[in-house]
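Here is how the chains run, residue by residue.
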Amino acid sequence: MKRLKIAVSLFVFAGLLLVGCTEKSELPVSPSGKSSLQKNFTRAFTATNTPFEVINFGIMTYPDGKVKLRNHLAKTVFAATYLPGDTGPDLLSGTGEVEINGLIDANTIIGPWQGKFKLTPEGAGGGIWQFTWHGTSTYDPTAWEGGPGFIIPLKEIAHGEGGDINGMQCRMEVIIYCALDFSGWYGDCTGVITSH
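All of these numbers come straight from a predicted model, not from anything done at the bench.

Trainee: Provide a residue-level description of the overall build of the protein chain, including the pertinent values.
Mentor: Within the protein chain, the secondary structure is distributed over one helix and nine strands. Ordered by position from the N terminus, the helices and strands of the protein chain form the series α-β-β-β-β-β-β-β-β-β. Across the protein chain, contacts joining residues at least 24 apart in sequence account for 55% of those joining residues at least 6 apart. Accessible area for the protein chain stands at about 11,900 Å²; split by element, carbon and sulfur atoms hold 61% of it.

Put into structure tokens, the structure is as follows:
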């Protein structure tokens, strides 16, 4: 009987110890003393993404009646607008660097595109967004400044790294409007930021 009481006491003590540890582990801790785990939220936004400097034109080849572009790199300006009444900090607007890779049919302008987009927002406390994206282009007679070009609907997803956006997620749909000769492009974006 004495052994049973000791075993039960140890079991209860261990249970209380685990409960105590669980409660403490739920408290967010960060080096700045602020909570890095804010209340869960979703914030909708619209944005434009415009290139301002080409870093690397990339490699363009023409295999079997197709146009292949690899490793085109450009610096961009990303300007976000939030819903009316959203008074939170701007966690998106800033400068970015986009990597563009694509393969299109030279006659139809249809083909797959994919790449990466690293965005450094000014209001994110030093954090960065690391996007990956993909989509399929189609020809449009008025896509670029009223003339022929192509349109690429993209799906993009990113994870926040560091600063105020650490652990957050951003999803957006982007419509890219591009000149046929790749001399210019811009993107119209719609999406959400979520915190867990």
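Trainee: Give a description of the environment of K116 that names residues and reports values.
Mentor: Inspection of the secondary structure assignment puts K116 in strand β5 (residues 111-121). C-alpha of K116 to C-alpha of F131: the two residues are 15 residues apart in sequence and 5.6 Å apart in space. Among all residues touching K116, those that are not within four sequence positions of it are E97, V98, E99, F131 and W133.

Trainee: Account for the nonpolar core, with residues named and values stated.
Mentor: F45, F78, L92, W129 and I193 are the most contacted members of the largest nonpolar core, which has 36 residues in total. The element best represented in this core is strand β3 (residues 66-82), accounting for six residues. Discounting chain neighbours no more than four positions away, the residues touching F45 are F78, T81, Y82, L92, C170, R171, M172, C189, T190, G191, V192 and I193.

Trainee: I'd like a description of the layout of surface pockets, backed by residues and values.
Mentor: Quantified by volume, the largest pocket comes out at close to 420 Å³. The wall of the largest pocket is formed by 29 residues, among which H72, I100, C178, F182 and W185 lie closest to the centre. When residues of the lining of the largest pocket are traced back to their parent elements, those giving at least two are β1 (41-56), β3, β4 (94-105), β5, β6 (128-144), β7 (147-161) and β8 (169-179). Take the lining of the largest pocket: its biggest share by element is five residues, from β1. Tallied by class, the residues present in the lining of the largest pocket amount to 21 nonpolar, five polar and three charged.

Trainee: Report on the side chain of N49, specifying residues and quantitative values.
Mentor: You can see N49 is positioned in strand β1. Here the side chain of N49 touches T76 through a polar contact of 2.9 Å, side chain to side chain. Setting aside residues no more than four positions away along its own chain, N49 makes contact with T76, V77, F78, F117, W185, Y186, G187 and C189.

Trainee: Describe the confidence of the model for the protein chain, and please don't skip the residues or the numbers.
Mentor: For the protein chain, per-residue confidence averages 83 on the pLDDT scale, and 80% of positions sit at 70 or higher. Within the protein chain, the element-level pLDDT minimum falls on helix α1 (residues 2-25), averaging 33, and the maximum on β5, averaging 97. Within the model, pLDDT remains below 50 along residues 1-37, and this stretch shows seven contacts once partners closer than five positions in the same chain are excluded.

Trainee: I'd love a proper account of the packing of aromatic side chains, names of residues and values included.
Mentor: Tallying each qualifying case throughout the model produces eight aromatic pairs. Each residue in the set F78, F117, W129 and F131 is aromatic and connected to the rest through ring pairs, giving one cluster.

Trainee: With reference to specific residues and values, describe the pairing of β5.
Mentor: Across nine bridges, β4 lies against β5 in antiparallel orientation. Within β5, the position partnered with E97 by the bridge is K118. Counting the residues in the hairpin turn of β4 and β5 gives five residues, including I109, whose phi is positive at 65 degrees. As paired elements, β5 and β6 share nine bridges and run antiparallel to each other. If you follow K116 over to β6, its bridge partner there is T132. Connecting β5 to the next strand, β6, in antiparallel fashion are six residues, including G125 with a positive phi near 60 degrees.

Trainee: Explain the pairing of β6 to me, and be specific about the residues and the numbers.
Mentor: As paired elements, β6 and β7 share 12 bridges and run antiparallel to each other. Of the residues in β7, the one forming a bridge with F131 is A158. Count of turn residues in the β6/β7 antiparallel hairpin: two residues, of which E145 carries a positive phi of about 50 degrees.

Rules and cut-offs
- Residues numbered from 1 in each chain as written.
- Predicted model: local features only at pLDDT ≥ 70, side-chain atom pairs only at ≥ 80, totals over all residues.
- Heavy atoms only, no water.
- Helix = DSSP H or I, 4+ residues; strand = E, 2+ residues; numbered from the N terminus.
- Contact = heavy atoms within 4.5 Å.
- Areas by Shrake-Rupley, 256 points an atom, 1.4 Å probe, with all protein chains shown as cover.
- Core = buried A, V, L, I, M, F, W, Y, C linked by side-chain atoms within 4.5 Å.
- Buried < 20%, exposed > 50% of the residue type's maximum accessible area, 1.4 Å probe, protein only.
- 1 Å grid on protein atoms, 1.4 Å probe; cavity = no way out; pocket = protein on both sides within 12 Å on 5 of 7 lines; lining within 4 Å.
- Points joined across faces, edges and corners; volume = space filled by probe spheres on them.
- Nonpolar A, V, L, I, M, F, W, Y, C, P; charged D, E, K, R; others polar.
- Polar contact = N/O pair within 3.5 Å; in protein donor to acceptor, adjacent residues only side chain to side chain.
- pLDDT = per-residue confidence, 0-100.
- Phe/Tyr/Trp six-rings, centres within 6.5 Å; stacked < 30°, edge-to-face > 60°.
- Pairing = 2+ DSSP bridges.

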